Amino acid sequence: MEDPKVIIAKRAARFLHHGDVVNLGIGMPEMVANYLPDDVKVIFQSENGIMGMGAASTPETKDLNVSNAGSKYVDVIPGAMFFDSATSFGLIRGGHVDVTILGALQVDEEGSLSSHIIPGKMVPGMGGAMDLVSGAENVIVITTHTDKKGGAKILQKNTLPLTAYQRVKWIITELAVIEVTPEGLVLREVNENSSVDEVLSKTEAKLIVPETVGTF
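Cut-off values and rules
- Residues numbered from 1 in each chain as written.
- Predicted model: local features only at pLDDT ≥ 70, side-chain atom pairs only at ≥ 80, totals over all residues.
- Heavy atoms only, no water.
- Pairing = 2+ DSSP bridges.
- Helix = DSSP H or I, 4+ residues; strand = E, 2+ residues; numbered from the N terminus.
- Salt bridge = Lys/Arg side-chain N within 4 Å of Asp/Glu carboxyl O.
- Buried < 20%, exposed > 50% of the residue type's maximum accessible area, 1.4 Å probe, protein only.
- Right-handed = clockwise from strand over helix to strand, strands pointing away.
- Contact = heavy atoms within 4.5 Å.
- Phe/Tyr/Trp six-rings, centres within 6.5 Å; stacked < 30°, edge-to-face > 60°.
- Arc of directions from axis to C-beta.
- Polar contact = N/O pair within 3.5 Å; in protein donor to acceptor, adjacent residues only side chain to side chain.

Colleague: Tell me about the sheet that holds strand 6 (residues 106-108), and please be specific about residues and values.
Modeller: Across the sheet, three strands lie side by side as 7-6-9; this open sheet has mixed pairing. Single-partner strands in this sheet number two, and they are strand 7 (113-114) and strand 9 (154-155). Direction of pairing for strand 6 relative to strand 9: parallel, over a ladder of two bridges. From the neighbouring strand, Val-107 faces strand 9, where its bridge partner is Ile-154.

Structure, rendered in structure tokens:
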């Protein structure tokens, strides 16, 4: 199977629509920008104060004054804007971000997200996640289906402190695409190299399996 992170980023990129304002979380979510379809042009926003962020910089294009929220050097598109963090979070909290794609430690049947802290361990903290999942219209979680020890990350109920309550709309892993609905988690797609049975065996949460499940 292809690198799980690449599989996830490619599938998540297909959720974006022409003209969307999109915020990508630090880490794997940043990879989504590399796999946008050629006919889809979105506006990437970075919470440290960029509207119109481009791809990761190359040695030839790197500008030491331009980095994203993860402190990685990035290019910008023509017409890009720079502003302070207060303005940036005003945009986020004001509902002007259409889609946010971020990682997760855990996500549960109600679409609640834990992403910012593991008690007793040193972690970077919440960053802009709480604001983004509250302000964005469409919240997409991308994550490996299980943790490094093989434990489930999609749970009946999160055990870690919540970053957001009932805000996640979609969960994308290397094995599945899952929609969060009022009735519960619905399995919409499985990886063509996986199966419904494998997904069910690696998911603690109850999944609703419709008659037709797509593949990716």
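Once the structure has been displayed, the description carries forward.
Colleague: Describe in detail the pattern of salt bridges, supporting the description with residues and values.
Modeller: Here the structure, examined in full by the defined rule, presents seven salt bridges. In this structure, the salt-bridge partner of Glu-30 is Lys-72, at a minimum N-O distance of 2.7 Å. Linking Glu-30 in the loop between strand 1 (21-24) and strand 2 (43-46) with Lys-72 in the loop between strand 3 (50-56) and strand 4 (74-82), this pair joins segments that are 42 residues apart in sequence. Residue classification places Glu-30 among the buried positions, given a relative accessible area of 17%. The residue Glu-198 makes a salt bridge to Lys-202 at a minimum N-O spacing of 2.9 Å. On the accessibility criterion, Glu-198 (25% relative accessible area) is partly exposed.

Colleague: Which residues make up the pairing of strand 12 (residues 184-190), and what are the values?
Modeller: With six of its seven residues buried, strand 12 lies for the most part within the structure. Pairing geometry for strand 11 (residues 176-181) and strand 12, over six bridges, is antiparallel. The residue of strand 12 that forms the bridge with Thr-181 is Gly-184. Once strand 11 ends, the chain turns through two residues before running back antiparallel as strand 12. Relative to strand 13 (residues 207-208), strand 12 is paired through two bridges, and the arrangement is parallel. When the sheet's bridge partners are listed, Leu-185 is paired in strand 13 with Leu-207. Following the chain from strand 12 across helix 4 (residues 196-201) to the adjacent parallel strand 13, one finds a crossover that is right-handed. As judged from the two bridges shared by strand 12 and strand 14 (residues 214-215), these two strands associate in the parallel manner. By the bridge assignment, Val-190 is partnered in strand 14 with Thr-215.

Colleague: Outline the environment of Ile-92, listing residues and values.
Modeller: With respect to the element layout, Ile-92 can be found in helix 2 (residues 85-93). By relative accessible area, Ile-92 is classed as buried at 0%. On a C-alpha basis, the gap between Ile-92 and Ile-140 in space is 15 Å, while along the polypeptide they are 48 residues apart. Excluding residues that lie within four positions of it along the chain, Ile-92 makes contacts with Gln-45, Glu-47, Val-97, Asp-131, Leu-132 and Gly-135.

Colleague: Summarise the packing of aromatic side chains; cite the residues concerned and give the values.
Modeller: Under the criterion given, the structure shown has one aromatic pair. Between Phe-15 and Trp-170, the ring centres sit 5.0 Å apart and the planes meet at 65°, which makes this aromatic pair edge-to-face. Placement of Phe-15 in the loop between helix 1 (4-13) and strand 1 and of Trp-170 in strand 10 (residues 170-172) is noted, with a sequence separation of 155 residues between them. The burial state of Phe-15 is the same as that of Trp-170; both residues are buried.

Colleague: Hey, could you go over helix 2 for me, with residue numbers and the actual values?
Modeller: Every buried residue of helix 2 is listed here: Ser-88, Phe-89 and Ile-92. Along the axis of helix 2, the buried positions cluster into a sector of 90°, meaning they face one direction only. If you follow the buried residues of helix 2, they end up packed against strand 2 and helix 3 (129-135). Taking the backbone nitrogen of Ala-86 as reference, a side-chain oxygen 3.2 Å away marks Asp-84 as the first, capping residue of helix 2. Gly-95, located one to two residues past helix 2, shows a positive phi value of around 80°.

Don't take any of this as a statement about function, it's just geometry.
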